[in-house]
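# Topology and contacts: notes
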Amino acid sequence: MSKEYKFSDETLALAQRIIKRYPEGKQKSALLPLLHLAQMEFDGWLSAPAMDYVASLLKIQPIEVYEVASFYTMFNLKPVGKCLIEVCRTGPCWLLGAEDIVKHIEKKLNIKEGETTPDGMFTLKTVECLAACGTAPIIQVGETYHENMTCEKVDEMLNDYKSKGERKTHFDKKHVNANQH
Amino acid sequence: MGKQLLLEHVNVPGIEKLDVYRAHGGYKALEKALRMKPDELVEEVKKSGLRGRGGAGFPTGMKWSFLAKPEGVPRHLVCNADESEPGTFKDRYLMSHLPHLLVEGMIVSSFALGANTSYIYIRGELLYVYHILEKAIAEAYAAGLLGKNILGSGYDLDLYVQPGGGAYICGEETALIESLEGKRGNPRIKPPFPAVAGVWGRPTVVNNVETIAATVPIVNMGGEEYAKIGIGKSTGTKLISACGHINKPGVYEIELGLPVEEFLNSDQYCGGVKNGRKLKAVVAGGSSVPILPADLILTTAKGEPRLMSYESLADGGFQTGTMLGSGGFIVLDETASVVKNLWNFTRFYHHESCGQCSPCREGTGWMEKVLHRIVEGHGKPEDIDLLWDIQSKIDGKTICPLGDAASWPVASAIRHFRAEFEEYIKHPEKIKDVKHYYSVRNQTAPVA
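All residue numbers refer to positions counted from 1 along the written sequence of the respective chain. As a convention, the first chain written is A and the first ligand written is 1, with the rest following in written order. Confidence filtering applies because this is a predicted model: local features only for residues at pLDDT of at least 70, side-chain atom pairs given and counted only at 80 or more, and all residues used for totals across whole chains, interfaces and linings.

Glancing now at the overall build of chain B. Helix numbers and strand numbers start at the N terminus; a helix is a DSSP run of H or I with at least 4 residues, a strand a run of E with at least 2. Scanning chain B for helices and strands turns up 18 helices and 13 strands. The quantity called the radius of gyration is restricted to C-alpha atoms. Its globule counterpart is 2.2 Å times the number of residues to the power 0.38. A globule of 448 residues ought to have a C-alpha radius of gyration of about 22 Å, and chain B, at 22 Å, matches this closely. Dimensions of chain B along its principal axes, counting C-alpha atoms only, are 75 × 45 × 40 Å. When burial is assessed residue by residue, chain B has 56% of its 448 residues classed as buried. A residue is called partly exposed when the number of other C-beta atoms within 10 Å of its own lies between 12 and 20, exposed at 12 or fewer, and buried at 20 or more, with C-beta atoms placed from the backbone.

The following block contains the structure:
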């Protein structure tokens, strides 16, 4: 394994602060937040070595990390594009046209749901209710909710992300130093 | 607009900041609570008649009084902010606009329960709200409202937020506890109840965001005054998140007992069905509750006006009634297809089943397959009874209520809209013409 899996000093400090939020001996409780940090640090997905690293931080067995990471839908066990486009497909969003949005993105990016564009910029995923049904249809990219989406707004959104070219993760890097307690 | 106990200051600029929140009466309830005895606070909540706002509607004061208090064992309050019930977005709204209301409610409630470490478990998708809460909590620590010796009272409390990882099931309180412990969200068999053995085996109370926020006005006005608001055993106000085919989707705080018709048609609330179309059906309390056709949502089977309250929405049982649930009010107009909507919901439950109990793991999958067959035009006449049979074998036969939540929409859709299923099966060629959803390419003009 050529790549070294290790958090930056700042992220490691945040991880240590999070671990201290739980009682002595219950540090495994910090697993979910740490997996979000791992996705932020390691290109938006969790490889086996990335999960092994998290296990070592929490002093638990790697299998305890794998079984959790594979249960929750937000943890990507395969590489994803820099921007993971998550389109809500549940009831209310669907009533207001989420199906059109998905078809439009598929056509625009020339990929099917679940696929990544050849340039590694976008991955398209459909997800379940994002708790924003009042402003349906909804797309989540990283921590951002894009509300009341239309095909025109989708085009703008894609152009914007493409021109910036940054990786977006659910736990956004800008918050790493914000949480001091 | 009726009484606004939670959202009164929601539009004040900067209300998410501590100083602005305090300038509008914030943390007055905490000051008052710290001068009271914890048991007196529990009594006030009992008197208020407050019921769990997450969906089950269990009396909060009673839940609190079940909390075991063994000597020397820490106990915990955990806030359920895993809002994931389709159609429900009130907690996200409350937390992102009024983070200090939740923080204040958490401190008041933790004090009442004798908890010194409390957690807010928020769904992972809402990480941006997680950071809003973290900011509010940091402000509260800096102001001496959290940490050691809060406001000189001698009471200590640490409050932390934990993000989930994307799983509807973690809204179920024992699954939430498992997830908080860093495990898969598999619900636990009860008993023991969390009040006796919850997070890390310690006595734990799990309450919804809105429930905890409601303790703030309850402490401020007193339980008896709070109980005067609302109707009968549905006391106080409730946040309703309205969505679907209506003119004004959004979060509304209503006084319990408001007529459904007024909520639906008044410009203060939903503003009527979109594009002047006719109402077809409403899912009144989040995707899990039984769907009701227009006539039964507006009036009960006895012909009385249906009210937005726990009792009135449940009037008639599941034969002709539904539930207030989480307050996720989903409106379907005459162009919507109940069958397609049901297929969508059932796919959701299949996707979200944790897989522990066979009836739910297998049953939700079979219901999705059969419904998919029908909406694709390959339905068979016996499929309707087959669906009925499957749902009846899930309902009540699983560890947690996800199984029930998956079966109720199926049962109610068949009960009230059987003819629509039959039409799909008899005339598959018509299915392609069914306009179930609004085209986003054509939002303003009517699609039909």
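Residues and elements named next belong to chain A. An axis is simply a line fitted to the C-alpha atoms; with a helix, the fit covers only the stretch in contact. Between two such axes, the angle follows the N-to-C directions and lies from 0 to 180 degrees. For the pair helix α2 (residues 31–41) and helix α3 (residues 48–58), the least separation of the axes is 10 Å and the interaxial angle reads 140°. It follows that α2 is oblique to α3 by the angle criterion. α3 is crossed by α2, and the crossing has right-handed handedness. Each of Leu31, Leu34, Leu35 and Ala38 in α2 lies in contact with α3, whose residues at this interface are Ala50, Val54, Leu57 and Leu58. Classification used: nonpolar for Ala, Val, Leu, Ile, Met, Phe, Trp, Tyr, Cys and Pro, charged for Asp, Glu, Lys and Arg, polar for all others including Gly. Considered class by class, the residues forming the contact of α2 with α3 number eight nonpolar, no polar and no charged. What sets the label is the angle itself: under 35 degrees gives roughly parallel, over 145 gives roughly antiparallel, 65 to 115 gives roughly perpendicular, and the rest give oblique. Each crossing gets its handedness from the near helix: less than a right angle anticlockwise from the far helix is left-handed, clockwise is right-handed. Any two residues are considered in contact once their C-beta atoms, placed from the backbone, lie within 7 Å.

Residue and element names in this part refer to chain B. The buried fraction of strand β1 (residues 76–81) amounts to six of the six residues, a majority that puts the element mostly inside the structure. With burial as the criterion, each face of β1 is covered, one bearing His76, Val78 and Asn80 and the other bearing Leu77, Cys79 and Ala81. What makes two strands pair is DSSP finding at least two bridges between them. Strand direction decides the pairing type here: β1 and strand β2 (residues 117–122), joined by six bridges, are parallel. Within β2, the residue paired with Cys79 across the bridge is Ile120. Note that β1 and strand β4 (residues 204–208) share five bridges and pair parallel. Looking at β4, one finds that Leu77 is bridged to Val205.

Attention now moves to the domain arrangement of chain A. The domains assigned to chain A are domain 1 (9–69) and domain 2 (83–164). Those domain boundaries reflect an automatic or database domain assignment. Using only C-alpha atoms to locate each centre, domain 1 of chain A and domain 2 of chain A end up separated by 29 Å.

Attention now moves to helix α6 (residues 99–113) of chain B. For an α-helix, 3.6 residues make a turn, and residues three or four places apart therefore share a direction. Residues and elements named next belong to chain B. One fewer than the residue count of a helix, multiplied by 1.5 Å, yields its expected span. Compared with an ideal rise of 1.5 Å per residue, which puts 15 residues at 21 Å, α6 spans 21 Å between its outermost C-alpha atoms and is within 8% of the ideal. With 15 of its 15 residues buried, α6 lies for the most part within the structure. Of the residues trailing α6, Gly114 is marked for its positive phi of about 75°.

All names here are of chain B. Turning to helix α3 (residues 38–48), its buried residues number three or more, namely Leu41, Val42, Glu44, Val45 and Ser48. All buried residues of α3 fall inside an arc of 155° around its axis, so they share one side. Seen from the buried face of α3, the exposed residues on the opposite side, beyond 90 degrees, are Asp39 and Glu40. Looking at the buried side of α3, the elements it contacts are α2 (28–34), α4 (60–65), α6, α9 (209–221), α10 (223–228) and β6 (234–235). The arc in question is formed by the directions pointing from the helix axis toward the C-beta atoms.

A few words now on the nonpolar core. The nonpolar side chains of soluble globular proteins are, as a tendency, buried together. Formed by 195 residues in total, the largest nonpolar core has its most connected members in Leu34 of chain A together with Leu94 of chain B. With 10 residues, the single largest contributor to this core is helix α18 (residues 402–426) of chain B. Contact partners of Leu94 of chain B, with chain neighbours within four places excluded, come to Leu6, Leu101, Leu102, Val209, Glu210, Ala213 and Leu239 of chain B. Each nonpolar core comprises buried Ala, Val, Leu, Ile, Met, Phe, Trp, Tyr and Cys residues, the members being joined through C-beta atoms within 7 Å.

Accessible area lost when the parts come together is the quantity often used to give the size of an interface. Residues and elements named next belong to chain B. Split into domains, chain B comes out as domain 1 (18–228), domain 2 (236–333) and domain 3 (338–433). Domain 2 and domain 3 are separated by 23 Å when their C-alpha centres are compared. Taken together, the contacts link 10 residues of domain 2 with 10 residues of domain 3. Counting residues per element, the side of domain 2 that touches domain 3 draws most heavily on strand β11 (residues 291–293), at three residues. Split by residue class, the side of domain 2 that touches domain 3 holds eight nonpolar, two polar and no charged.

For the rest of this paragraph, the subject is the sheet that holds strand β3 (residues 158–163) of chain B. All names here are of chain B. Reading across from one edge, β3-β2-β1-β4 is the order of the four strands in this open sheet, with parallel pairing throughout. Of all the strands in the sheet, the pair left with one neighbour each is β3 and β4. The average undirected angle you get between the axes of adjacent strands in this sheet is 20°. Across the sheet, α6 touches β1, β2, β3 and β4, and the angle it forms with β1 is around 145°. Packed on one face of the sheet, helix α7 (residues 127–142) meets β2 and β3 and runs near 170° to β3.

Below, the discussion takes up the interface of chain B and chain A. Facing 55 residues of chain B, the contacting portion of chain A comprises 49 residues. Elements supplying a minimum of two residues to the side of chain B that touches chain A: α7, β3, α8 (173–180), β7 (237–244), β8 (250–255) and α15 (338–352) of chain B. Broken down by element, the side of chain B that touches chain A gets its largest block of residues, seven residues, from α7 of chain B.

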